[in-house]
Amino acid sequence: MTARLHRFARARFSPAEEFGLHLTLGVLVLLLAMAGFARIAGAVVAGAPITQLDVDLANWLHAHAHGNDALRTSLMVLTQLHSTPGVLALTGLAGWWLYRRGARHWMLTILVTVPGGMVLNVLMKHTFERARPHFEEPILTLTTYSFPSGHTVAATLLYGFLACYLVRHARSWQARAGWVLLACVMVLLVAGSRLYLGAHYLSDVLAAMAEGCAWLSVCVTGVATLRRRQAAQAARASSAASARSASTNLSEKS
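Residues numbered from 1 in each chain as written. Predicted model: local features only at pLDDT ≥ 70, side-chain atom pairs only at ≥ 80, totals over all residues. Heavy atoms only, no water.

A. Quick peek at the pattern of salt bridges. The tally for this structure, following the rule as stated, stands at two salt bridges. For Asp 54, the salt bridge goes to Arg 130, with nearest N and O atoms at 2.9 Å. Of this pair, Asp 54 sits in helix 3 (residues 49-65) while Arg 130 sits in the loop between helix 6 (104-128) and helix 7 (150-169), and the two are 76 residues apart along the sequence. We classify Asp 54 as buried; its relative accessible area is 0%. The salt bridge partner of Arg 130 is Asp 204, with a shortest N-O separation of 2.8 Å. Here Arg 130, found in the loop between helix 6 and helix 7, pairs with Asp 204, found in helix 9 (residues 202-253); they are 74 residues apart in sequence, far enough to count as distant. The class for Asp 204 is buried, based on a relative accessible area of 0%. (Salt bridge = Lys/Arg side-chain N within 4 Å of Asp/Glu carboxyl O. Helix = DSSP H or I, 4+ residues; strand = E, 2+ residues; numbered from the N terminus. Buried < 20%, exposed > 50% of the residue type's maximum accessible area, 1.4 Å probe, protein only.)

So, in structure tokens, the structure goes:
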């Protein structure tokens, strides 16, 4: 029994196994992200102290946003770029780039990840039906629900996916760290723009990041596992064919 558990654990942490380290890490990220989202969502529904922080921060940012035209305009451009049409256009460009590089599985992954996650977020919004921040002189007037932030989910999925791909193909740990840092900065900028413009509460963007990480882990891990499984099956089939060929040749010589 102990030996069997040891083999199972070793296989789960082996980078070469089709159900190895990549699947273990993917499941771990999924569980942590789901736990984070559930905790934030539960706090929002229960009216926990974070909801008062949401209101205080939203009011403070709104008061300062009217006094800085340059920053407000810059963040407005950023938030428009990461609207639904903008993110889908960026996703299409990234998919085309991956296709040109011959990364068909990665292209499939991004086409499932970003649009699928955006649809999931719409369902989440209609599940919680949280009203957006309200101001007498709003910068943005939106009629959709607030929780979780759609812009932040889309940015998390898009830049998180690109970070996964670039980290996978980077040749040094410095490059890997740089790509991860850049992805985090882009997500935080998009999330910050939604807060600054009064479109969302803090808990909206935090929950969106957790939701995005959960869905990203499902898609990236799922497609990677499928690719590894197909490669392993092809290798086993090739090995079996070689064994049959060798057996046939041996029989003929006999």
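B. Quick look at the packing of helix 5 (residues 84-100) against helix 6. At their nearest, the axes of helix 5 and helix 6 sit 8 Å apart, and the two run at 170° to each other. Comparing the axis directions of helix 5 and helix 6 gives the class roughly antiparallel. Residue-level inspection shows Thr 84, Val 87, Leu 88, Thr 91, Ala 94, Gly 95, Leu 98 and Tyr 99 of helix 5 in contact with helix 6, the latter providing Arg 104, Trp 106, Met 107, Ile 110, Leu 111, Val 114, Pro 115 and Met 118. By residue class, the composition of the contact of helix 5 with helix 6 is twelve nonpolar, three polar and one charged. (Axes fitted to C-alpha atoms, helices over the stretch in contact; angles between N-to-C directions. Parallel < 35°, antiparallel > 145°, perpendicular 65-115°, else oblique. Contact = heavy atoms within 4.5 Å. Nonpolar A, V, L, I, M, F, W, Y, C, P; charged D, E, K, R; others polar.)

C. Representation of the nonpolar core in the model. With 24 residues, the main nonpolar core has Leu 98, Trp 106, Ile 110, Val 114, Tyr 159 and Phe 161 as its most contacted residues. Contributing elements (two or more residues each) for this core: helix 5, helix 6, helix 7, helix 8 (173-196) and helix 9. Among the elements that line this core, the one with the most residues is helix 7, at nine residues. Excluding residues that lie within four positions of it along the chain, Phe 161 makes contacts with Leu 98, Trp 106, Thr 109, Ile 110, Thr 156, Leu 216 and Val 220. (Core = buried A, V, L, I, M, F, W, Y, C linked by side-chain atoms within 4.5 Å.)

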